[in-house]
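A structural walkthrough
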There are 2 protein chains.
Amino acid sequence: MNISRASDYAIRGLVYMAKQPAGTVCFVKDIAKNTNSPASFMSKIFQTLAKSGIVNSFTGTKGGFTFNTQPENITIKTVIEIIDGPILLNRCAVNKSACNEIGICDVHYMWTDIRKILINALNSYSIADFATDKKNKMEVLSGVMQ
Amino acid sequence: MNISRASDYAIRGLVYMAKQPAGTVCFVKDIAKNTNSPASFMSKIFQTLAKSGIVNSFTGTKGGFTFNTQPENITIKTVIEIIDGPILLNRCAVNKSACNEIGICDVHYMWTDIRKILINALNSYSIADFATDKKNKMEVLSGVMQ
DNA sequence: TCTGAATAAGATATGAATTATCTTTATTAT
DNA sequence: ATAATAAAGATAATTCATATCTTATTCAGA
Ligand code: SF4
Ligand code: SF4
């Protein structure tokens with residue numbers, strides 16, 4: 001039921017990037033430091049993000065990462081899918097051959113239903129939502145905070 | 001993000017039980033056979049369900065399991081929590097000491113929000129929903145099925 | 001042009017959790 | 001007694017999450 005640590009790090013790493021001036025080339029070292037995450041692990045994570053195309057990577061001295069997609073257009077669902085793979089609560093959700101009960105299973109439908117709800121929720125937040133001042137964000141996201 | 005196999009088995013095992021006449025004492029052997037699940041594993045799972053109190057266990061010949069809570073009142077959330085533990089998408093959701101970013105973390109609020117949505121969805125289905133004829137169930141749950 | 005530092009990319013290792021299975025014990029009906 | 005059942009505990013196999021280590025790439029400066 002948990003998302004992985006890797007996804008948590010990825011999201012917060014991208015939020016850190018989104019807080020920098022647009023176009024800034026960010027080093028893994030700095031991203032890791034500012035998110036209290038292991039640099040070596042974060043490096044791996046950003047490799048995966050780069051492969052997916054949502055960030056650019058530049059090797060060598062002065063290398064690093066920049067956004068290739070606007071933070072507004074990167075949803076939490078997108079990030080989790082890149083890092084953890086397809087979002088699913090039960091194996092039958094996406095892969096028909098993952099379970100041979102499909103067709104006779106009473107509860108299969110429920111999982112597709114709940115999965116839709118979850119995906120919708122994860123899609124309703126973008127990286128950009130967290131890049132602005134925290135107080136403002138809270139007010140925007142929750143409507144009213146006391 | 002996945003629920004465990006154990007929870008999947010538990011849910012389908014309980015649905016099988018709910019299909020039997022009320023009060024029937026069910027053997028793990030039969031529950032496992034009718035759900036295509038490993039009997040030894042299912043035995044372990046029902047031990048846990050019994051400990052939680054939602055089913056009764058009877059040892060000895062003609063022993064087995066019966067409901068201790070009406071299937072209508074056993075939601076999917078209940079079952080998953082018994083088997084997999086508290087429902088959470090990220091470690092910060094329930095345990096404040098699980099992450100030392102809490103307090104400074106930009107995205108913490110999001111996880112509490114999405115968690116609520118997920119829990120609500122899991123609570124909207126009960127074991128009894130799947131114990132009746134499949135076609136009827138589909139119609140009830142989805143409103144209109146084509 | 002060389003050398004070295006900074007960086008990402010790729011390969012490997014560790015550890016924990018999941019998914020079972022096996023064995024023994026306790027209980028009960030016949 | 002015997003057979004049938006679950007409970008309990010130990011252990012094994014597998015998979016996955018997590019993290020580190022090694023290699024390749026790029027660039028700046030001598
Ligand atoms: S819910 Fe049904 S179809 Fe889905 S994995 Fe479980 S048994 Fe298979
Ligand atoms: S979202 Fe923030 S508070 Fe929650 S686990 Fe991740 S870093 Fe910690």
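Preceding this section is the structure that the text describes.
Okay, so let's go over this structure. Remember, predicted model here, so these are calculated numbers, not experimental data.

**Describing the overall build of chain A**
If you tally the helices and strands in chain A, you get six helices and two strands. Judged by the C-alpha coordinates and their principal axes, chain A covers about 55 × 45 × 25 Å. For chain A, the proportion of its 146 residues judged to be buried stands at 47%. Pairs at least 24 apart in sequence give 59% of the contacts found in chain A among residues at least 6 apart. Accessible area of chain A: about 7300 Å², with a carbon and sulfur share of 50%.

**Overview of the packing of helix 2 (residues 28–35) of chain A against helix 3 (residues 39–52) of chain A**
Residue and element names in this part refer to chain A. Direction vectors running N to C along helix 2 and helix 3 enclose 120°, while the axes themselves pass 9 Å from each other. When the axes of helix 2 and helix 3 are compared, the pair comes out oblique. Every pair of crossing elements has a handedness; the one defined by helix 2 and helix 3 is right-handed. Side by side, helix 2 and helix 3 meet where V28, I31, A32 and T35 of the first sit next to A39, M42, S43 and F46 of the second.

**Let's talk about the relation of the copies chain A and chain B**
Rotating chain A by 180° and moving it 0.1 Å along the rotation axis overlays it on chain B with an RMSD of 0.1 Å. Taken together, the rotation angle and the small translation identify this as a two-fold axis. Among all residues of chain A, the one whose C-alpha sits closest to the rotation axis is M1 of chain A, at a distance of 2.0 Å. Both copies contact each other with a shared surface, as 98% of the interface residues of chain A are interface residues in chain B too.

**Focus: the protein's contact with DNA strand D**
Neighbouring DNA strand D are 24 residues; R5 and T59 of chain A together with V28, K44 and S57 of chain B lie closest to it. A breakdown of the atoms of DNA strand D within 4 Å of the protein gives sugar and phosphate a share of 61%. Backbone polar atom of T61 of chain A to a base oxygen of DNA strand D: 3.1 Å apart, as the coordinates give it. Within the contact set of DNA strand D, a base nitrogen lies 2.8 Å away from a side-chain nitrogen or oxygen of K44 of chain B. If you list the elements that add at least two residues to the surface near DNA strand D, you get helix 1 (5–19) and helix 3 of chain A together with helix 2 (28–35), helix 3 (39–52), strand 1 (55–58) and strand 2 (64–67) of chain B.

What counts and how
- Residues numbered from 1 in each chain as written.
- Chains lettered and ligands numbered in written order.
- Predicted model: local features only at pLDDT ≥ 70, side-chain atom pairs only at ≥ 80, totals over all residues.
- Heavy atoms only, no water.
- Helix = DSSP H or I, 4+ residues; strand = E, 2+ residues; numbered from the N terminus.
- Buried < 20%, exposed > 50% of the residue type's maximum accessible area, 1.4 Å probe, protein only.
- Contact = heavy atoms within 4.5 Å.
- Areas by Shrake-Rupley, 256 points an atom, 1.4 Å probe, with all protein chains shown as cover.
- Axes fitted to C-alpha atoms, helices over the stretch in contact; angles between N-to-C directions.
- Parallel < 35°, antiparallel > 145°, perpendicular 65-115°, else oblique.
- Left-handed = near helix turned anticlockwise from the far one by under 90°.
- Least-squares fit on C-alpha atoms with pLDDT ≥ 70 in both.
- Near = heavy atom within 4 Å.
- Polar contact = N/O pair within 3.5 Å; in protein donor to acceptor, adjacent residues only side chain to side chain.

Nothing here speaks to function; it is all geometry.
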